[in-house]
Protein chains: 6
Amino acid sequence: MAEQENTYQFLKPVDQAAFRDHMETKVAQWIRPWDGQEELLAGVIGVPLSKTSISHSGASTTPAAVRTAFKSFTTYSMEYGVDLQDLAVRDLGDIAMHATDLMGNHRRIEDSLRALFQAHPALIPVLIGGDHSITCPAVKAFADRHPGKKVGIIHFDAHHDVRNFTDGGVTNGTPFRGILESGVVDGRNIVQIGIRGFMNSKPYHDYVTSHGVTVFSSRDVYRQGIEKIIDQALEIAGQGTDVLYVSFDVDVIDQAYAPGCPAIGTGGMHPWDALDALYRLGTLPQVQGLDFVCIDPTVDIRNVTSRLAVQFMLTFFAGVAERAKI
Amino acid sequence: MAEQENTYQFLKPVDQAAFRDHMETKVAQWIRPWDGQEELLAGVIGVPLSKTSISHSGASTTPAAVRTAFKSFTTYSMEYGVDLQDLAVRDLGDIAMHATDLMGNHRRIEDSLRALFQAHPALIPVLIGGDHSITCPAVKAFADRHPGKKVGIIHFDAHHDVRNFTDGGVTNGTPFRGILESGVVDGRNIVQIGIRGFMNSKPYHDYVTSHGVTVFSSRDVYRQGIEKIIDQALEIAGQGTDVLYVSFDVDVIDQAYAPGCPAIGTGGMHPWDALDALYRLGTLPQVQGLDFVCIDPTVDIRNVTSRLAVQFMLTFFAGVAERAKI
Amino acid sequence: MAEQENTYQFLKPVDQAAFRDHMETKVAQWIRPWDGQEELLAGVIGVPLSKTSISHSGASTTPAAVRTAFKSFTTYSMEYGVDLQDLAVRDLGDIAMHATDLMGNHRRIEDSLRALFQAHPALIPVLIGGDHSITCPAVKAFADRHPGKKVGIIHFDAHHDVRNFTDGGVTNGTPFRGILESGVVDGRNIVQIGIRGFMNSKPYHDYVTSHGVTVFSSRDVYRQGIEKIIDQALEIAGQGTDVLYVSFDVDVIDQAYAPGCPAIGTGGMHPWDALDALYRLGTLPQVQGLDFVCIDPTVDIRNVTSRLAVQFMLTFFAGVAERAKI
Amino acid sequence: MAEQENTYQFLKPVDQAAFRDHMETKVAQWIRPWDGQEELLAGVIGVPLSKTSISHSGASTTPAAVRTAFKSFTTYSMEYGVDLQDLAVRDLGDIAMHATDLMGNHRRIEDSLRALFQAHPALIPVLIGGDHSITCPAVKAFADRHPGKKVGIIHFDAHHDVRNFTDGGVTNGTPFRGILESGVVDGRNIVQIGIRGFMNSKPYHDYVTSHGVTVFSSRDVYRQGIEKIIDQALEIAGQGTDVLYVSFDVDVIDQAYAPGCPAIGTGGMHPWDALDALYRLGTLPQVQGLDFVCIDPTVDIRNVTSRLAVQFMLTFFAGVAERAKI
Amino acid sequence: MAEQENTYQFLKPVDQAAFRDHMETKVAQWIRPWDGQEELLAGVIGVPLSKTSISHSGASTTPAAVRTAFKSFTTYSMEYGVDLQDLAVRDLGDIAMHATDLMGNHRRIEDSLRALFQAHPALIPVLIGGDHSITCPAVKAFADRHPGKKVGIIHFDAHHDVRNFTDGGVTNGTPFRGILESGVVDGRNIVQIGIRGFMNSKPYHDYVTSHGVTVFSSRDVYRQGIEKIIDQALEIAGQGTDVLYVSFDVDVIDQAYAPGCPAIGTGGMHPWDALDALYRLGTLPQVQGLDFVCIDPTVDIRNVTSRLAVQFMLTFFAGVAERAKI
Amino acid sequence: MAEQENTYQFLKPVDQAAFRDHMETKVAQWIRPWDGQEELLAGVIGVPLSKTSISHSGASTTPAAVRTAFKSFTTYSMEYGVDLQDLAVRDLGDIAMHATDLMGNHRRIEDSLRALFQAHPALIPVLIGGDHSITCPAVKAFADRHPGKKVGIIHFDAHHDVRNFTDGGVTNGTPFRGILESGVVDGRNIVQIGIRGFMNSKPYHDYVTSHGVTVFSSRDVYRQGIEKIIDQALEIAGQGTDVLYVSFDVDVIDQAYAPGCPAIGTGGMHPWDALDALYRLGTLPQVQGLDFVCIDPTVDIRNVTSRLAVQFMLTFFAGVAERAKI
Ligand SMILES: [Ca+2]
Ligand SMILES: [Ca+2]
Ligand SMILES: [Ca+2]
Ligand SMILES: [Ca+2]
Ligand SMILES: [Ca+2]
Ligand SMILES: [Ca+2]
Ligand SMILES: [Ca+2]
Ligand SMILES: [Ca+2]
Ligand SMILES: [Ca+2]
Ligand SMILES: [Ca+2]
Ligand SMILES: [Ca+2]
Ligand SMILES: [Ca+2]
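Residues numbered from 1 in each chain as written. Chains lettered and ligands numbered in written order. Predicted model: local features only at pLDDT ≥ 70, side-chain atom pairs only at ≥ 80, totals over all residues. Heavy atoms only, no water.

**Some words on the interface of chain C and chain E**
Contacts between the two partners involve 16 residues from chain C and, on the opposite side, 16 residues from chain E. Partitioned by chemical class, the residues of the side of chain C that touches chain E number four nonpolar, 11 polar and one charged. (Contact = heavy atoms within 4.5 Å. Nonpolar A, V, L, I, M, F, W, Y, C, P; charged D, E, K, R; others polar.)

**A closer look at the sheet that holds strand β7 (residues 151-156) of chain C**
An order of β9(C)-β8(C)-β7(C)-β10(C)-β11(C)-β6(C)-β2(C)-β5(C)-β1(F) is seen for the nine strands of this open sheet, with the pairing classed as mixed. On the outer flanks of this sheet lie β9 (214-217) of chain C together with β1 (11-12) of chain F, each paired with one strand and no other. Taken together, the six bridges between β7(C) and strand β10 (residues 243-249) of chain C define a ladder with parallel strand orientation. Counterpart to Ile154(C) in the pairing with β10(C) is Val246(C). In the packing of helix α3 (residues 62-69) of chain C onto the sheet, the strands contacted are β2 (42-47), β5 (89-95) and β6 (124-129) of chain C, and the crossing angle to β6(C) comes to about 110 degrees. (Pairing = 2+ DSSP bridges. Helix = DSSP H or I, 4+ residues; strand = E, 2+ residues; numbered from the N terminus. Axes fitted to C-alpha atoms, helices over the stretch in contact; angles between N-to-C directions.)

**Some words on the coordination of the calcium ion (ligand 6)**
All names here are of chain C. Of the protein atoms, only Asp 157 (OD), His 159 (ND1), Asp 249 (OD), Asp 251 (OD) and Asp 251 (OD) coordinate the calcium ion (ligand 6), at distances of 2.2 to 2.5 Å. Each donor residue of the calcium ion (ligand 6) belongs to the same chain, and together they define the spacing D-x1-H-x89-D-x1-D. In this model, the calcium ion (ligand 6) sits 3.2 Å from the calcium ion (ligand 5), the two metals being bridged by Asp 157. Highlighted residues: Asp 157 in the loop between β7 and α6 (175-182) and Asp 249 in strand β10, separated in sequence by 92 residues. (Donors = N, O, S within 2.8 Å, 3.2 Å for Na, K, Ca; no water.)

**A word on the state of the cysteines**
Per the stated rule, a full pass over the model turns up zero disulfides over all chains. The cysteine Cys261(A) is free of any disulfide, with Cys294(A) supplying the nearest cysteine sulfur at 7.4 Å. (Disulfide = S-S within 2.5 Å.)

**Section: the interface of chain A and chain F**
In this assembly, 34 residues from chain A lie in contact with 38 residues from chain F. At the surface where chain A touches chain F, the tally comes to four salt bridges. Between the two partners, chain A and chain F, sit 19 residue pairs in polar contact (both at pLDDT 80 or more). Elements that contribute at least two residues to the side of chain A that touches chain F include exactly β3 (76-77), α10 (271-283) and α11 (304-325) of chain A. Counting residues per element, the side of chain A that touches chain F draws most heavily on α11(A), which supplies eight residues. Classifying every residue of the side of chain A that touches chain F gives 18 nonpolar, seven polar and nine charged. (Salt bridge = Lys/Arg side-chain N within 4 Å of Asp/Glu carboxyl O. Polar contact = N/O pair within 3.5 Å; in protein donor to acceptor, adjacent residues only side chain to side chain.)

**As for a nonpolar patch on the surface**
Residues and elements named next belong to chain A. Taken together, the side chains of Met 103, Phe 165 and Val 170 present a nonpolar region at the surface, about 200 Å² in accessible area. Turning to its location among the elements, Val 170 is positioned in the loop between β7 (151-156) and α6 (175-182). The class of Val 170 is partly exposed, set by a relative accessible area of 31%. (Patch = residues over 30% accessible without salt bridge, like charges linked within 9 Å, V, L, I, M, F, W, Y side chains within 5 Å. Areas by Shrake-Rupley, 256 points an atom, 1.4 Å probe, with all protein chains shown as cover. Buried < 20%, exposed > 50% of the residue type's maximum accessible area, 1.4 Å probe, protein only.)

**Let's talk about the confidence of the model for chain A**
On average, chain A scores 95 in pLDDT, and the residues at 70 or more come to 98%. Contacts for the low-pLDDT stretch residues 1-6 of chain A, under 50 throughout, to residues beyond four places or in other chains number 11 contacts. (pLDDT = per-residue confidence, 0-100.)

**A word on helix α4 (residues 102-119) of chain E**
With 18 residues, α4(E) ought to run about 26 Å at 1.5 Å a step, and its terminal C-alpha atoms sit 26 Å apart, in line with that. When we look at burial in α4(E), the residues that qualify are Leu102(E), Gly104(E), Asn105(E), His106(E), Arg108(E), Ile109(E), Glu110(E), Ser112(E), Leu113(E), Leu116(E) and Phe117(E). Summarising the contacts, the buried residues of α4(E) are in contact with α4 (102-119) of chain C together with β2 (42-47), β5 (89-95), β6 (124-129) and α5 (135-143) of chain E. (Expected span 1.5 Å × (residues − 1).)

**Concerning the coordination of the calcium ion (ligand 5)**
Residues and elements named next belong to chain C. Coordination of the calcium ion (ligand 5) by the protein involves His 132 (ND1), Asp 157 (OD), Asp 161 (OD) and Asp 249 (OD), with metal-donor separations of 2.0 to 2.3 Å. Here the donor residues of the calcium ion (ligand 5) share one chain and are spaced in sequence as H-x24-D-x3-D-x87-D. According to the relative accessible area criterion, Asp 157 is buried, its value standing at 0%. Owing to a relative accessible area of 2%, Asp 249 belongs among the buried residues under this scheme.

**Things to note about the arrangement of the chains**
The two units chain A and chain C never meet; even their closest C-alpha atoms stay 18 Å apart. Taking C-alpha atoms only, the smallest gap left between chain B and chain E, which are not in contact, amounts to 18 Å.

**Comments concerning unusual backbone geometry**
Of note, the amide linkage connecting Gly129(E) to Gly130(E) takes the cis form, showing an omega dihedral of 15 degrees. Locating Gly130(E) in the fold gives a position in the loop between β6 and α5. Phi at Asp161(B) is positive, roughly 60 degrees, even though this residue is not glycine. As for its placement among the helices and strands, Asp161(B) is situated in the loop between β7 (151-156) and α6 (175-182). Judged by its relative accessible area of 9%, Asp161(B) falls in the buried class. At Phe198(D), a residue that is not glycine, the phi angle is positive and equals roughly 60 degrees. Checked against the element boundaries, Phe198(D) lands in the loop between β8 (190-195) and α7 (202-210).

**Let's talk about the packing of aromatic side chains**
With the rule as written, the count across this model stands at 60 aromatic pairs over all chains. Ring geometry for Trp30(F) and Phe317(F): centres 5.8 Å apart, planes at 75 degrees, overall edge-to-face. Residue Trp30(F) is found in helix α2 (residues 27-30), and its partner Phe317(F) is found in helix α11 (residues 304-325); the two are separated by 287 residues along the sequence. Residue Trp30(F) is classed as buried on the basis of its relative accessible area, which comes to 1%. Taken together, Phe156(A), Phe248(A), Phe292(A) and Phe312(A) form an aromatic cluster joined through their ring pairs. For Arg177(A), the ring lying beneath its charged end belongs to Tyr207(A), and the centroid distance is 4.0 Å. (Phe/Tyr/Trp six-rings, centres within 6.5 Å; stacked < 30°, edge-to-face > 60°. Lys NZ or Arg CZ within 6 Å of the ring centre and 35° of its normal.)

**Here we look at the relation of the copies chain C and chain E**
What relates the pair of chain copies is a rotation about an axis plus a shift along that axis. Superposing chain C onto chain E requires a rotation of 180 degrees together with a translation of 0.0 Å along the rotation axis, leaving an RMSD of 0.0 Å. The superposition of one copy onto the other is thereby described by a two-fold rotation axis. No C-alpha of chain C approaches the rotation axis more nearly than that of Lys51(C), which lies at 2.9 Å. (Least-squares fit on C-alpha atoms with pLDDT ≥ 70 in both.)

**Side note on the packing of helix α3 (residues 62-69) of chain E against helix α11 (residues 304-325) of chain E**
Residue and element names in this part refer to chain E. The N-to-C vectors of α3 and α11 enclose an angle of 70 degrees; their axes lie 9 Å apart at closest approach. The pairing of α3 with α11 is recorded here as roughly perpendicular in orientation. Handedness of the α3/α11 crossing: right-handed. For the pair α3 and α11, the contacting residues are Ala 65, Val 66 and Ala 69 in the first and Ser 306, Arg 307 and Val 310 in the second. (Parallel < 35°, antiparallel > 145°, perpendicular 65-115°, else oblique. Left-handed = near helix turned anticlockwise from the far one by under 90°.)

**Things to note about the relation of the copies chain A and chain F**
Superposing chain A onto chain F requires a rotation of 120 degrees together with a translation of 0.0 Å along the rotation axis, leaving an RMSD of 0.0 Å. The symmetry that links the two subunits is that of a three-fold axis. Of the C-alpha atoms belonging to chain A, the one lying closest to the rotation axis is found on Ala256(A), 3.4 Å away. Mapped onto chain F, only 9% of the interface residues of chain A are again interface residues, and the two copies thus contact each other with different surfaces.

The following block contains the structure:
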């Protein structure tokens, strides 16, 4: 619309920010829509699926809420001494969801990621859910990406997410049962961090431990510090594996900091612990995939939970930038 | 992104609606961004200025809220037997506002419209404020559009908007004083409809009547019916004039129907009366400009007031379509 | 603080409005605190009591919410051709309520009004509740004001308000049982307007009719028009009485217009009908007292219900101004 | 818990109301849970399904919200001179919904109703959705209830609800396409009332008229009055049919009165028109089924939309009581 | 309703959860209504009284809000390695409150608890207020439970709660003055934890210290750690006493974590400190009573404060389970 | 109104609190309106300007929101063993702002403070913004107060606030550029504490460091503890200066604790760190001015952010009381 701008000096296109500072780069200017060709370090992919939740959830609106928050942050962190704006990260758009074919939607996620990974084997996907059910098809595509290589998972969550399939089918309560039962990842390479009391049943705790999954509670993080927990988690998840996938259910964070999740509670993780963990995971070359799930912007307050997720993602990218330097 | 869609079947661009019905055209698909060239019947122009309000107002966010509501409506009205989708109406974007130079912003409005009218003399501007202060520069540009022709104004509002300039300068409380004192429109061709009790002072009522302005109260509309009021209004505003400008302050509507305005109250106009009036004004060739002002989406409930404004605008266009037929 | 204003030009006292237009008088400037001496036409009196409600109610915050709304309205109505600013109406403050002695609070209301009426026999009290329980002590004081004169009551409400005293004592559900059983007003001079279906029980409807009370439903108002209803109401309430008291429970208005009441519902009266009724009642010399009750600002939206009550009160005063002229 | 009440005088069971007036019957006391045996005049059935909506909807929470509103209303209407408390109306509970098998849920609705109708052929079902997709299976079961008898439908809605099945499958946008294409009801016996401009596309308007469906717009109701519209609707829907089904999409009501619907707008029907229509439909013996759909309590304000639905249902029952008398 | 379920396969009773996982026990399934006979380890008792608050409070709605939160938590804590579902804890319902006889309500609390303690001497009451005024009658009944035994109190609160009785009578501001002046507990066995700056007056601080009460400020907890504070508190409260009562005013928690209290502020206790303290108190056999007070769900956000109270109670029960083991 | 109180025992003036405890002094009773003469230790001054913000901000309503919170706090802190009620602190009212002359408003701030400082050279101003643009004129007046003395600044903020003047003029994004470029304070005596990642651009970070400004990030505070940071800050800001000014942008606090700021985010400072810092700064005689800015009460929740600011101010005064003792 360059010509118009000349003619009608003050008329600016609809999608341009009301205020622009030419000395500042916003995340919205950096993570632009992908042209489908450019080779990328990482790609943000919206997965607006939440009808697969067992309780009412507006998580399908998260990709849009997260993109809105892109306007509120810059690309620069003095803390890590890094400006992200030259990293090749783009917005790949959303995986289109069918209104009623929910199991078909899981296939769409898996198929889309397989196609993407085939064309761009080095791209780090950053999935913005949607509910946690998206992680099972995502991990299946992820695991098939490099045949012969083994995958470990670091899973931040208040919940084990291994419900039985009988009572409600494949939902946001079942992704890790799906992963474990499909055998795509060995339970001994899965670490769950931030599991909370009175939010899971004993049979499910027994289920994960019987599959060799390692569990750190939110109380463990509070008492031992995130650094020690991540040390152990990397040791366990990395044991004999080649690549790591990080699945981050935002309800792992205390309800005071992340009120916009369907299943909230007190006694959750503090954001600083998550920030430290994600930075460190970002620095590690073996971390090749990441998702943020189970935010419900429709019950959030001032979009704080989506903003927090964006800051978490940016901090992960600060780590990736460090990795890229080496 | 056509190629990408082929490759990654389900990846869709960010700005595409989650659900699309191929047998339905939404207003958002019809009122697309203008290319700066196409000859238009009408153009929607955002004017995101509300720092000129005497009370705290978020009216600067209205253009965005109105565009969001474009997704909720279709182009077809069975009531008027009209499908608007072939009318050449486009979105011209926003007039860029400076953060602190408020009087300069009024000049930007006037200058932008002058430039636009020069290039496209037949285009009907539909301004989405912003607060009511935008109407004075808009009317000045409008009046100069066809030299030698006289302008009449139909002004829907709970307020006279003729405050003195001493107490706060040029604000949303003064547009009609600005218009009257500049002489750009003769008071005898101005009709105010919907003025409410206990929302204006006697000196200002005396001021407008002393300038020959005709005033119909909200009570008059309720008692006499909108049809009679509009009959008289057209008679008066049209007396010796060539073109008409319609300025619609949404606070003229009762607070139950339009809760998202800064100055709300009961005893306001009913939406049906506004719809009937706007349809009729739409049908008249002499009506060549329209604005909607003084919505504050930041205090609205579920965006109902912006939705209402969109329905008002569409009904005006239904009238325009009728006019276009002849 | 005149001197300070000279010295520190721009420092203004805390309670002064942010924006003042010297050509406009706000209700807040007109209904000033009373000096305790000035002879008044009418006095606004807050009665912040709502612990006497059978359901949770924040009606005790209404006097403050109503005073806040005084800043949003002017004293002038073009519709009635009247500027109220010279009427001697002042704000008498609130009747102080004890935190736990609820029956004592009713005595405080009665005693305060008795003392006030003794010193100022011609003053029209405009009580701002609080819940409806305040009307029983208020009417008792009102009835004793002019010994030997009989009182009639026009009662706008969705409810009969004649619950038995056994189940909860003296509450907002019982004022008219209190009035009827104390014999202070004869049921044959009480008219209830706006009673709604499915909001009262048959035994209570039978109770009021057995006491000779006349009842018009909200549906009657909708079908017959307010004018006819008020005609009949005045006939009945005035039959053999000397003075009239008007008790206005704001929940008589439809929930779309008055969402901030504890007991809301659809099918209520339209504001225009209330405005017409109150103007007319204002014009009648026999109307000597008025209350507005059962607004709960803590559940309201943008204070619309308190604003509406203020507009109702102003319209009553417009009628009073008419009466004063004669 | 009778004994406990003796022993611990003031301990009352959890589910008992905080305040009870022994002279008043609330709807919650009347429409009690059904024992599965009692012969009923009518049964309230919750259908908590809204994952079948094309946009995000919390309509699945409506049955609970409606039951909560049962506590706010009594069984008596002075307007219709009727106390409903002796009508055999009970709460049949909810049809259990599967978390992810959405098409299976439609079968559950149809199967449950078939089983119910077989055991209780005279019972009038009052379905509380859920979204409008529930109406198609409900009508299929309803139509098979009395073999050999023909069914007519009176459909209140802002929308035609005949979207194509290709773009999203069977959703809340398609129930009347489902009904028409299954042939279970003849389009010439379907009347749509309250359809609004700019909320439907021309192809869908053409689709319904080509199937013989009669359409009255919201504007028609406003201009002609509900009585005339219902006269015509009964004539058309009753032409050659034996029984009538009423489907009431609450978004037919203006957004000021029913803000808690997913698809809101101005220019909708007024509650009084709906109340009059539903009372009249209640009185007619041929009306044998009713549903209320597309309320979303999660976006409502003070549950006003569910309250309104309850008042609509009660007014329908007031008509039924009249019918029962004959 | 077993038979009905057979007949109408998918119809489920109203009060059954929408989603049930047969491998998970929710707190709502565990803390069922009491039959009035079963011997209990502990009983949850609602005390819906808040008209005794000096400021507007909806604390009377807390018991219902807390029970709603019972559906959101399970009985199992991996952190403490305990599943509570076999503990004999039941819901005793609410103590019925009179609408206006506030002092009578205090007698109801005391009488109900006395009767309960007489029949079930070993039952640990967990009172869910209501405001803090309920603690004085509760402690009186508690103290008389075991004649000859002395009681100590651990009181978590931002406030001393020893206001004079002259200014407002017996309110939520006076429970500890009531306890101290009645002599039912010796001030030297009362420990107040979490008292905050700028929320109490000096005369009241002097009053408690002059009665021998020990006070730890919220700042003390922050600086010294909760463990040390509880060590000292147990030492002091236990000095010469036989049983301990814990009174937990939720406003002791920082407003970021417990926004739904009438008197909120920053600089409050962190939830982890409360969780640690309550677990430890749960493990001690001498702790025989507990209350949670001064939550106002009507001003809360997403019920987070009631959820937090439930997690606090569950953690106390985790301690009790530990105690029960020994 | 003393006489009236005698006559009408229970009538109390409008502005008197509903509940008063004669043994408690609220901040609202202590920080009374100034008479313009009394010599003061400190004065609270409202600066209701936020049209100078680059994004929509309601910070102009903060002075009123802060004063409302004065009613919620007492003058006594047991933590610091201090009762503030005898400190000579008064409310000087607001600096009157013009509706549209924004640069003139900055002159009003500077001129008002100059006049005030001239008449009362020892008064500590506590400015309640408004947005951060007010700090530049305030510091200019402050710096000229004691000719020949040098000023240092401790600036708490998530942002550097040194945007270029080209893109939006003089705004809340530019105060420290204004201060640096005017030379009124040397960059080497400015310390910024709490700067956050992804909220500033690299060019602005480079700008401040190139001017010698010292920057501590929010992460630095979290890792090193506030005590060490303040030690260093005092060292740097005090190097060669005589007086210190403290500018506190409340968005430096984490969004969980201060949700009512325009630019919120996670990873911010904890309130305890701010409380400790402000107490310490209060104790230092060289600290002679303080402002709190960038709260937006219109987007806050239960006024928690203004309450927090009041507690911050009171804690600063607790320090000042300590200073006064010496
Ligand atoms: Ca999860
Ligand atoms: Ca989770
Ligand atoms: Ca206007
Ligand atoms: Ca206006
Ligand atoms: Ca009443
Ligand atoms: Ca009522
Ligand atoms: Ca529909
Ligand atoms: Ca619809
Ligand atoms: Ca307390
Ligand atoms: Ca407390
Ligand atoms: Ca700043
Ligand atoms: Ca800032």
